[in-house]
Amino acid sequence: ILEEADFKGEDFNLFLVAGQKCLEDGYAAQLLEVIQNEKNKVIIKNMGWNLISPLVRCIFLYEQEDDKREHCLKILDQLAQLCNPKELFLGLLEQIEQTSGEQVCQTVLLLLQPLQTVLLKLQNKKAYSVGLSLAMIMNQLTPLPVPYTKQQIQEDKFGLCRCCSAVVDFAKPFVNEVVKNMEKLPEYNDTELKEELVKFCMKSLKYPLLTAQLEQLEGIEEHPFRHFAAEIIDILWDIKELMPLVFLHRNGKSSHWENQEFADIEQKNFADSLACLSYLMFVHHFGIDNFPMVFSPSYLLQCNMTHIEVLLKRTEESVLSKGIDLFESCLLRMEDNSLLHQYLELRDFINVPQDLVKVMTLCPIEHMRQKSLSILQLFIDKFDAEGKYTLFKCLLKTSNHAGVEGYIIKNIKDQIHLSLTKECDNIWFTGHHLISLLDLVLSLPEGAETDLLQNSDRIMASLNLLRYLVIKDCESDNQTGVWTMLAKIEQNFLKPLHVGLNMSKAHYEAEIKNKKENRKEARSSNTICSLTVSGEKMPAMTTEMQLQVLHSALFTFDLIESVLARVEELIEMKVKAAMDENS
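These lines cover the structure that appears in this document, whether it is placed above or below.

The rules behind the values
- Residues numbered from 1 in each chain as written.
- Predicted model: local features only at pLDDT ≥ 70, side-chain atom pairs only at ≥ 80, totals over all residues.
- Heavy atoms only, no water.
- Helix = DSSP H or I, 4+ residues; strand = E, 2+ residues; numbered from the N terminus.
- Rg over C-alpha atoms; globule rule 2.2 N^0.38 Å.
- Buried < 20%, exposed > 50% of the residue type's maximum accessible area, 1.4 Å probe, protein only.
- Areas by Shrake-Rupley, 256 points an atom, 1.4 Å probe, with all protein chains shown as cover.
- Lys, Arg positive; Asp, Glu negative; His and termini not counted.
- Charge placed at Lys NZ, Arg CZ, Asp CG, Glu CD.
- Contact = heavy atoms within 4.5 Å.
- Polar contact = N/O pair within 3.5 Å; in protein donor to acceptor, adjacent residues only side chain to side chain.
- Phe/Tyr/Trp six-rings, centres within 6.5 Å; stacked < 30°, edge-to-face > 60°.

A short note on the overall build of the protein
Across its full length, the protein holds 25 helices and two strands. Relative to its length of 583 residues, the protein is extended, with a C-alpha radius of gyration of 35 Å against a globular reference of 25 Å. Overall size of the protein, expressed as C-alpha extent along the three principal axes, is 125 × 75 × 50 Å. In the protein, which comprises 583 residues, the share counted as buried stands at 48%. On the protein, roughly 29900 Å² of surface is accessible, and the fraction owed to carbon and sulfur atoms is 51%. The distance from the centre of the 59 positive side-chain charges to the centre of the 83 negative ones in the protein is 2 Å.

Spelled out as structure tokens, the structure:
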């Protein structure tokens, strides 16, 4: 019956101890009556928030159908209605902050409704309080693993899927508030509340959506993460922030951090979120109905290259696959040969194919490597002739991988073939431009001492290209310029290759002879030998296994030698025929 001004410190302690005792001893029904009693409204308003912690503990102790649990839930609802909003807000937030492990989602799901009720009552610092609540909730959820497989999503072990849905419902009244104010006053710009909602959406894009599996899954009627993604996109659209984020902010935003390390982290998180947003829109078409269909495919590719680069630099399959899918989606919108070579003056258009090459050569997941290779070919196909030419040069200089170089050389051969068989003249794959490219292709990286085994893919592709040029381009026509630079090719490529083959074969034949001589000794002593091939130490192998590897290397050298002999034979025939014609 005391008034608010008359309460003392010991009154708070007495109330807390008594309330906690009631809950622990199972007298929740009686405590509910005390709280509902009109006479106690002053003490409940000022002290009720102290009951949040013991109340949450008791709710988790009781079974789902227990009457005592129901009484506790009613007490929680009453406290949300009766308590001082500011104090109860801090009490609820403190309870969410203190929870951990498997109880995080349980606590969030339990307290979201009362927290929403309290926030709607707040008059001062409402935007700040909403932002603080959403940030606290997302920070608590972030350490939880994101379910990825169909079974994990259905099981929802930690409750993350349910939490995502509940958090969106929690935010909706505040979204509606911003929308209504914008409708009433077109010039209205409640930057604080809007900014907090944008922050929440960006955090949601980073986690859990960036790592979530978002493909439709058979047997799951409503995919929880697809539903969550659609809701986040809808919020951004409703508060008129979707288009600005997709187009205007792609270079990032100014940071308010004085500490550069914090600023870098914020910038990285922002970049991850924007990349996920583009993936949702352009791959899964969330929010695409609101998208203005006025942009050219090449402009959309340009807008997305920054996001693709961000995703391709990640190593997690769930994120890396999003980068590959986004790249593919943008390329499939374009016609072949329609992408202008000037785009290669933009940093992203050079960085992305280099990142794709790293995925092709270093990613441990086979289907990702194969998909990356098909996307690289798709990227090549979209460029005009000069663009292809420039891209080939760049990749030959930067890939540092014989398999990739061999693949690019095969592409060069295909472009030369098109140039020679089409009526229209393609200056980039004939004449002096091609000579510049052939200088890169028809040479050995380290002369005669080049590791032929490690570079066998590149060497075979180069020999096949040279064979094609000699057969298709007559010396009298010399469209490709190959006959002009024949002496240079022999000096920089054919002669060093001969020397290198002789050295390599002699080395490996001696190694085989040595292994055979030592085979009996190795068997008797049960020795396991080590072997270094192409500069890399092989795993421990028996002598028989080592001999197999050495014979395989010799077979590769024989293959190179046979193609080399055929190329030299063709050159000799063509030169002799030309001399006979002249005489």
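A few points about the environment of S443
Within the element layout of this structure, S443 appears in the loop between helix 21 (431–441) and helix 22 (456–472). Among all residues touching S443, those that are not within four sequence positions of it are R458, N492 and F493. A polar contact of 3.3 Å, which involves the side chain of S443, links it to the backbone oxygen of L440.

Observations concerning the packing of aromatic side chains
One pass over the full model with this rule turns up twelve aromatic pairs. With 6.0 Å between their ring centres and 65 degrees between their planes, F392 and F429 make a pair best called edge-to-face. In this pair, F392 sits in helix 19 (residues 385–398) while F429 sits in the loop between helix 20 (402–421) and helix 21, placing the two residues 37 residues apart along the sequence. Each member of the pair F392 and F429 is classed as buried.

Topic: the side chain of T107
Within the fold, T107 resides in helix 7 (residues 103–121). Looking at T107, the relative accessible area reads 1%, which means it is buried. One polar contact links T107 to T99, side chain to side chain, over a distance of 3.2 Å. Among residues more than four places away in sequence, those in contact with T107 are F60, Q95, I96 and T99.

Shape is all these values report; function is a separate question.
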